[in-house]
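Per-entry structural report
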Amino acid sequence: MAGALSGIKVLDLSRVLAGPWTGQLLADLGAEVIKVERPGSGDDTRHWSPPSLPDGTAAYYLAANRGKQSLTVDITQPAGQQIVRQLAAECDVLLENYKVGGLKKYGLDYDSLKQLNPRLVYCSITGFGQDGPYAELPGYDYIVQGMSGLMSITGPADGEPHKVGVAVTDLFTGLYAANAVQAALLSRHRTGEGQYIDMALFDCALAMLSNVNMNWLVGGEVPPRLGNAHPNIVPYQVFRTAGDGHFILACGNDKQFRAVCEVLQLPQLADDERFASNPKRVQHRATLVPLLAEGFMARGRDEWLKLLDAAGVPCGPINTVAEAFADPQIRHRDMALQMTDSKGQNVPQVACPIKMSATPPQYLTPPPALGEHTDALLRHLGYDAVAIAQLRAAGTV
C-alpha cells in the first residue's frame, strides 16, 4: 500500500531532534527520506547514551530517524557538496538546521539550490529564525523553554520554574515544520514552484502557549505558575489521596463540579455562591481547593477514580512510562512497535499516532546504521565502484 506522501523525496540535512522529527513524520507518511550525516560520527544523537542497543546505537537517535536512508557526506569538501547538489536536484524537499547562513558558504543554501531545482521546498529550522536580533544565536530547547515563557508557568507555584520533561519546543517545531512542508507541496501542485520555509523554535514555543498567551493578551496580567493547576478552570489539577497516592481531576463545567461535591459528600460546596460558576471558582480558588484537598484524603486513589468515573467526572491516574505502555488502550492502539535492523538486531519503536483509513503510516525500515545506504545512493547518482572508492579514500563519504 502506498503511503500518503508516496513519490515525495526528502533530503534531510538536519541533526538532533527538531529536523529529524520532521523527517521521520514525513517518512512514516510515505516519503522517501535520505539522511545526510558526517562521515565517521554521524548525527550527534547516535552517541547520546545510555541507554543504547547492543551495538551502541543510542535510544535518543532511534526516537527520530525511522524510515530513512543514511548517506555519509563531508559537505565541507567540493566533491561532497556536489553529491548534495545532485540529490537536491531530484528531491522535492530539503530539511536543514544549520546556523543561519551556515550552508551558504558551501553553495547549499536555498538561493543556490533553487537554481538547480525551482520546485524544491527548502525548510530551515533554527532557534530564532533567519532574521531578527537573535538570528545568529544557537537554539537549544531548554533555553527556548525559558525564553518563551513556558518555564515561567511550569513547576510548583511556590518553587522554581521547571522545564517540561521532554524537549517539547524541538518537537513542536518538528510538527509545525512537517505541516509547513506539506502545505508548501500542495502550493507547488498549483503553482509549479517550490518555496523557502523559515521555522524557529522560539516562534513555535510561544505559539504553543495557546490559552496562556491569550490570557496575557486579553487580560493584561502575567500568567502565574500554578503547579498542576489550570489558569482558567477550577478544580482542574492533581489531588493527593490516602496512602500518598495522586490522581488528576479535570472538572470542566458546573454539572461536573456538582458531581464532584456529591462524590465527596460535600454538596454544600456546590450550593455555595462563591463556587456557583467556573469564573467564581477561579476567583475563589484559594478557598475552594483546600476544602477539596481535605476531602480527597479520605480514600485511596483507585477508589476515587472509580467513584468519579461512575459519576461522569473526567479523571485519571498519573502513570509512569512503563505503566503507560502497559495500558490496555495503548496496547489496543498498537503504539509500541518491534522492528529488526540489517544486523538482525531488535529495534523497539513508538508508532506514529496518526491513524488514516486509506494511507496509514508505514514502518518499512528501522533507523539506519551510519552510512548504511551510502553506496546504493551514490550508484543511483551514477558513481561507479572506482569513483566511490576514491570518495572514501578522500574522506568525502
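Scroll up to find the structure this text is about.
Cut-offs applied
Residue positions are given per chain, counted from 1 along the sequence in the order it is written. Local features are withheld for residues below a pLDDT of 70 in this predicted model, meaning they are given only at 70 or higher, and side-chain atom pairs are given and counted only at 80 or more; totals for whole chains, interfaces and linings count all residues. The side-chain figures draw on all heavy atoms in the structure; neither hydrogens nor water molecules are used. Numbering goes from the N terminus for both helices and strands, where a helix is a DSSP run of H or I of at least four residues and a strand is a run of E of at least two. By this rule the span expected of a helix is its residue count minus one, scaled by 1.5 Å. With a 1.4 Å probe rolled over the protein chains alone, any residue whose accessible area is under 20% of its type maximum counts as buried; one over 50% counts as exposed, and the rest are partly exposed. It is the directions from the helix axis to the C-beta atoms that the arc portrays. By definition in these notes, contact holds between two residues if any of their heavy atoms fall within 4.5 Å. A side-chain nitrogen of Lys or Arg and a carboxyl oxygen of Asp or Glu constitute a salt bridge if their distance falls within 4 Å. Each pair of strands is called paired provided DSSP finds at least two bridges between the two strands. Note on geometry: axes are C-alpha line fits, over the in-contact stretch for helices, and angles between N-to-C directions span 0 to 180 degrees. Polar contact criterion, stated in full: a pair of N or O atoms within 3.5 Å, where within protein one must be able to donate a hydrogen and the other to accept it, and residues adjacent in sequence count only if both atoms are side-chain atoms. Only buried Ala, Val, Leu, Ile, Met, Phe, Trp, Tyr and Cys residues count toward a nonpolar core, and they belong to the same one when joined by side-chain atoms within 4.5 Å. Each patch is built from salt-bridge-free residues with over 30% relative accessible area, joining like charges within 9 Å and nonpolar side chains (Val, Leu, Ile, Met, Phe, Trp, Tyr) within 5 Å. Here the Shrake-Rupley method, with its probe set to 1.4 Å, supplies the accessible areas, and only the displayed protein chains count as covering residues.

Side note on helix α12 (residues 285–296)
Structurally, the α-helix is built with 3.6 residues per turn, so residues lying three or four positions apart point the same way. Here α12 spans 16 Å end to end across 12 residues, near enough to the 16 Å set by a 1.5 Å rise per residue. Along α12, the residues classified as buried are Arg285, Leu288, Val289, Leu292, Gly295 and Phe296. One side of α12 holds all its buried residues, which, seen down the axis, span an arc of 125 degrees. Opposite the buried face of α12, at more than 90 degrees from it, the exposed residues are Ala286 and Glu294. Contact partners of the buried residues in α12: β7 (236–240), β8 (246–250), α9 (254–263), α10 (267–271), α11 (278–283) and α13 (301–310).

Concerning the pattern of salt bridges
Two side chains bearing opposite charge may form a pair once their charged atoms approach each other closely. Following the criterion strictly, the structure yields 16 salt bridges and no others. Here Asp43 ties to Lys35 by a salt bridge, and the two come within 2.9 Å at their closest N and O atoms. For the pair Asp43 and Lys35, one class covers both residues: buried. Residue Arg299 pairs with Glu303 through a salt bridge whose shortest N-O separation is 2.4 Å. Among the residues examined, Arg299 registers a relative accessible area of 28% and is labelled partly exposed.

Some words on the sheet that holds β7
Ordered in space as β7-β8-β9, the 3 strands form an open sheet in which the pairing is antiparallel. Because the sheet does not close on itself, it has two edges, and the strands there are β7 and β9 (315–317). Strand-to-strand twist of the sheet, defined as the mean angle between neighbouring strand axes without regard to direction, takes the value 25 degrees. Across 3 bridges, the pairing between β8 and β9 is antiparallel.

Things to note about α9
When α9 is considered as a whole, its buried residues turn out to be Gln256, Phe257, Ala259, Val260, Cys261 and Val263. Buried residues along α9 sit in contact with β8, α10, α11, α12 and α13. The N-capping residue of α9, defined by a side-chain oxygen 3.1 Å from the backbone nitrogen of Lys255, is Asn253. Once α9 ends, the next one or two residues include Gln265, with phi positive near 60 degrees.

Here's the deal with the nonpolar core
Of all hydrophobic cores here, the largest spans 33 residues; its most connected members are Val10, Leu26, Val93, Cys123 and Val181. Put simply, the parts of the chain that give this core at least two residues each are α1 (18–28), β4 (93–96), β5 (121–126), α6 (168–191), β6 (196–200) and α7 (201–207). Element by element, the count of residues in this core is highest for α6, at 7 residues. Excluding residues that lie within four positions of it along the chain, Cys123 makes contacts with Leu94, Leu95, Glu96, Ala177, Val181, Ile197 and Met199. In this structure, Leu71, Val73, Leu87 and Ala88 belong to the second largest nonpolar core, which totals 28 residues.

Quick notes on a nonpolar patch on the surface
On the surface, a cluster of nonpolar side chains totalling about 620 Å² of accessible area is made up of Tyr134, Leu137, Tyr140, Tyr142, Ile143 and Met147. With respect to the helices, strands and loops of the structure, Ile143 is situated in helix α5 (residues 141–147). Residue class for Ile143 comes out partly exposed when judged on its relative accessible area of 46%.

Observations concerning the side chain of Arg46
Locating Arg46 in the fold gives a position in the loop between β2 (32–37) and α2 (59–62). Excluding its chain neighbours within four sequence positions, the residues that come into contact with Arg46 are Glu37, Ser41, Gly56, Thr57, Ala58, Tyr61, Ser70, Pro368, Ala369 and Leu370.

Some words on the environment of Val282
As for its placement among the helices and strands, Val282 is situated in helix α11. When the C-alpha atoms of Val282 and Gln145 are compared, they prove to be 26 Å apart, with 137 residues separating the residues in sequence. Every residue in contact with Val282, bar those within four places of it in the chain, is listed here: Pro231, Asn232, Ile233 and Val234.

Function cannot be inferred from these measures alone, as they are strictly geometric.
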